[in-house]
Amino acid sequence: MTARKLAKRVGVYVALLLGGLAMMIPFLWMLATSLKTRAEVFSTSPLSYPTGLHWENYTKMWFALPSVTFGTFFQNSIVIASLATAGQLITCSMAAYAFAVFDFRGKRVLFALILATLIIPFQIVLVPNFILYRYLPWPFSESGNWIGTNLPLWVWAFFGGAFGTFLLRQFFLTIPSELADAARVDGANPWQIFRKVYVPLARPALATLAIFQFMWSWNDLLDPLIYLRDLPSYTTTVGLAFFQGQYVGKWPEMMAGALVSLLPMVILFLIAQKYFVRGITLSGLKG
Amino acid sequence: MTSTSRVGDQVRAAKTRPARARSNRGPRAGEGRWALLFLAPTLIGLAVLSAGPILATLGISLTKWDMLTPPQVVGLDNYANLLGDDRFLRALGNTTFYTVVSVPLGLTLALALATALNQRIRGIAWIRTAYFLPLVTSATAIALVWLWIYSPTGPLNDILAALGIPRQRWVADPTLAMPSIIAMSIWQGLPANVIIFLAGLQGIPAEYYDAASVDGAGRASRFRRITLPLLTPSIFFTGVLALIGAFQVFDQVYVMANPGKPGQATITLVYFIYEAGFRNFKMGYAAAASWIMFLIVAVATILYFRTQDRWVHYQ
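Conventions used here
- Residues numbered from 1 in each chain as written.
- Chains lettered and ligands numbered in written order.
- Predicted model: local features only at pLDDT ≥ 70, side-chain atom pairs only at ≥ 80, totals over all residues.
- Helix = DSSP H or I, 4+ residues; strand = E, 2+ residues; numbered from the N terminus.
- Rg over C-alpha atoms; globule rule 2.2 N^0.38 Å.
- Buried ≥ 20, exposed ≤ 12 C-beta atoms within 10 Å, placed from the backbone.
- Contact = placed C-beta atoms within 7 Å.
- Axes fitted to C-alpha atoms, helices over the stretch in contact; angles between N-to-C directions.
- Parallel < 35°, antiparallel > 145°, perpendicular 65-115°, else oblique.
- Left-handed = near helix turned anticlockwise from the far one by under 90°.
- Nonpolar A, V, L, I, M, F, W, Y, C, P; charged D, E, K, R; others polar.
- pLDDT = per-residue confidence, 0-100.
- Core = buried A, V, L, I, M, F, W, Y, C linked by C-beta atoms within 7 Å.
- Domains from an automatic or database assignment.
- Expected span 1.5 Å × (residues − 1).

Another aspect to go through is the overall build of chain A. Along the backbone of chain A there are 15 helices and 0 strands. Taking 287 residues into account, the globule formula puts the C-alpha radius of gyration at 19 Å, and chain A, at 24 Å, lies well above it. By principal-axis analysis of the C-alpha atoms, chain A measures approximately 75 × 75 × 35 Å. Per-residue burial over chain A gives 46% buried out of 287 residues.

Of regular secondary structure, chain B possesses 14 helices and 2 strands. Taken over 315 residues, chain B has a buried fraction of 38%. For chain B, long-range pairs separated by at least 24 residues make up 72% of all intrachain contacts whose partners lie at least 6 apart in sequence.

In this section: unusual backbone geometry. All names here are of chain B. You will see that Trp 170, though not glycine, has its phi angle at about 45°, which is positive. Residues other than glycine seldom take positive phi values, yet Phe 281 does so here, at roughly 50°. Taking the C-beta count within 10 Å as the criterion, Phe 281 has 14 such neighbours and is therefore assigned partly exposed.

Our focus in this paragraph is helix H6 (residues 126–135) of chain A. Burial analysis of H6(A) places 7 of its 10 residues in the buried class, the great majority of the element. Of the positions making up H6(A), those classed as buried are Leu126(A), Val127(A), Pro128(A), Asn129(A), Phe130(A), Ile131(A) and Tyr133(A). For H6(A), the elements touching its buried residues are helix H7 (151–154) and helix H12 (222–227) of chain A together with helix H2 (31–60), helix H12 (269–279) and helix H13 (283–306) of chain B.

Next up on the list: the packing of helix H6 (residues 139–150) of chain B against helix H8 (residues 174–202) of chain B. Residues and elements named next belong to chain B. One way to put it is that H6 packs onto H8 with a least axis distance of 11 Å and a crossing angle of 130°. Relative to H8, the element H6 lies oblique. Taken as a pair, H6 and H8 cross one another with a handedness that is right-handed. Note on element contacts: H8 touches H6 through Ser 180, Met 184 and Gln 188, opposite Ala 139, Ile 142, Ala 143, Trp 146 and Tyr 150. Split into classes, the residues belonging to the contact of H6 with H8 amount to 6 nonpolar, 2 polar and no charged.

Looking now at the confidence of the model for chain B. Residue and element names in this part refer to chain B. When pLDDT is averaged along chain B, the result is 85; 89% of the residues meet or exceed 70. Mean pLDDT across the elements of chain B ranges from a minimum in helix H1 (residues 2–15), with 43, to a maximum in helix H3 (residues 77–83), with 97. Long-range and interchain partners of residues 1–27, a stretch whose pLDDT sits below 50, account for 30 contacts in this model, where long-range means more than four residues apart. Quick note on the complex model: pTM equals 0.88, ipTM equals 0.88.

Turning to the nonpolar core, a few remarks are in order. Among the nonpolar cores identified, the biggest contains 165 residues, and Tyr97(A), Ala258(A), Leu144(B), Val145(B), Val194(B) and Ala289(B) are the most heavily contacted of them. When residues are assigned to domains, this core turns out to be shared by domain 1 (31–60) and domain 2 (78–311) of chain B, each giving three or more. Each residue touching Ala289(B), except ones within four places of it in the same chain, is listed here: Leu82(B), Phe88(B), Leu269(B), Phe272(B), Ile273(B) and Ala276(B).

Per the domain assignment, the segments making up chain B are domain 1 (31–60) and domain 2 (78–311). Between the C-alpha centres of domain 1 of chain B and domain 2 of chain B the distance comes to 32 Å.

Counting residues at the interface gives 89 residues for chain B, matched by 89 residues for chain A. Ranked by residues supplied to the side of chain B that touches chain A, first place goes to H2(B) with 18 residues.

All names here are of chain A. It is at 9 Å that the axes of helix H8 (residues 162–172) and helix H11 (residues 203–219) come closest, and there the two elements cross at 165°. Between H8 and H11, the crossing angle belongs to the class labelled roughly antiparallel. Crossing of H8 over H11 shows right-handed handedness. Of H11, the residues touching H8 (which contributes Gly 164, Leu 167, Leu 168 and Phe 171) are Ala 205, Thr 208 and Leu 209. Broken down by class, the residue content of the contact of H8 with H11 amounts to 5 nonpolar, 2 polar and no charged.

All names here are of chain B. Note on placement: Arg 87 falls in helix H4 (residues 86–117). With 14 C-beta atoms counted inside 10 Å, the residue Arg 87 sits in the partly exposed group. For the pair Arg 87 and Leu 269, spaced 182 residues apart in the sequence, the C-alpha separation amounts to 9.8 Å. Leaving out residues up to four positions away in the same chain, Arg 87 has contacts with Gln 264, Ile 267 and Phe 272.

So, about the confidence of the model for chain A. On average, residues of chain A score 89 in pLDDT, and 96% of them reach the 70 mark or higher. When pLDDT is averaged over each helix and strand of chain A, the minimum, 77, is found for helix H15 (residues 273–283) of chain A and the maximum, 97, for H7(A).

Turning our attention to H11(A). Given 3.6 residues to a turn, an α-helix orients residues that are three or four positions apart in the same direction. Residues and elements named next belong to chain A. Its 17 residues give H11 an end-to-end C-alpha distance of 24 Å, which sits within 8% of 24 Å, the value for a rise of 1.5 Å per residue. Most of H11 is tucked away: 12 of the 17 residues are buried. Listing the buried residues of H11 in full gives Ala 205, Leu 206, Thr 208, Leu 209, Ile 211, Phe 212, Gln 213, Phe 214, Met 215, Ser 217, Trp 218 and Asn 219.

Moving on to the environment of Leu113(A). All names here are of chain A. Of note, Leu 113 is situated in helix H5 (residues 107–116). Its 14 C-beta neighbours within 10 Å are what place Leu 113 among the partly exposed residues. Put simply, Leu 113 and Ala 162 are 49 residues apart on the chain and 9.2 Å apart in space, counted from C-alpha to C-alpha.

Rendered as structure tokens:
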């Protein structure tokens, strides 16, 4: 390698590392601030290292609200995101299978219609869906209907979805039809072929869908804000936003809360990076 | 079930076999009924949770409804009132500004970054991970961090002070509020766009570049003549999603400027709909606002698709 080539290569590295640092800096500041005392945050430069590691900010944050801990928000988020993910996996894979292997009247129109919902801003349905849930009875809620419960945040997922249907259909189309034919000869019905042939083979695509749906539910703010009414039912995002309103200026605790709230997603990302990348490249959809 | 294990064997056998043309794909007896069964949840969802509600929104937008008393039909009053409502017009203006600035700027930056990241050097995987981290973090948590970055004693003002520039109020300053939110959104939106562009870049055959180099094309001309044209489908695709996403901006605004703190400097369309419908319970008014937003996004998307022939090159 010539000196000039070496210099060029070093230049590329330095530029990339500086860029990477720029993307990481907000996270590093979040971490540094979460470990400082409040006095330290105001008196010293934000760019300085914390003098000691004040992990107690995390305990303070966890128990900051009177009746609930941050753990409750976590639990709520996990329950909602898991149910929504399960619903999407089941119903999107069923719809995708129908589009991939069956011939029926209106197939093209229906598929186009489902794809169209991908580019429609979902806010258009906020008001009517709220009204729908307002009139759906639920004996265990204070309101007597679905408002104030977590039902509006996950039940919809059991009724199909454009992203998952599209993603899985693309995958199902790559499965050789000989497999289904062979199973049919053996007397398997379409449901058995779906369960025993298509679903097991589609595991990578199912993982991609699961990760995306979990992330969307975990990060959603608008819907929980509309439907959840009391503190013990809040998700991490609404809890965090509420926390911010209550604890203005308590930066260390707030940064600790923000950091804890995004930790599960960061860990999931580090484990399953390739599924994230694949999902985005396939569909162009963002987090 | 004996057929199951046979199926399993077939699966294993066929995995090694290349996929052949679909021979047996003609209509078979009873397919329609099976399709209906598999599509039942989707069809119900489409009718009750998306197609139906889109029409219902139109109906509701013609009424005055607080959800406590029965709705009253008021015709187009809500639309007329919206067009005379300063707060709505500000929301519309802010959202348009946000979209017009953040989409082109975000895409340009993402393109530059993707080109830089598209290198075959050791350790690139680690560097990419750093770039992609903002992708999975909630806008709520990100907004909190940037609130701190923008705060009077925060890092950004410290840097400015060190450079001898007076401290700014950023999100609390009516003129700087929206640009501050845009900067944060671009930072967070970068990774997804970079991933799409990277996939596009890696799909460009290396022979094209080799041929161009032989012809004496320099770095800049190779980028302009090869990379950019071949990447236009990715740019087009990312553009339409960025456009639609930008019109829906809410989380950042809710956390950073709740509730439209510096006057009306940061309220957006979705914030307006949220406020009208779910804080003030003016359902008809909120529905009308969401229909206007829907129409704007639809028109913008159609216009954007119209430009496709002029600049997008499909191979």
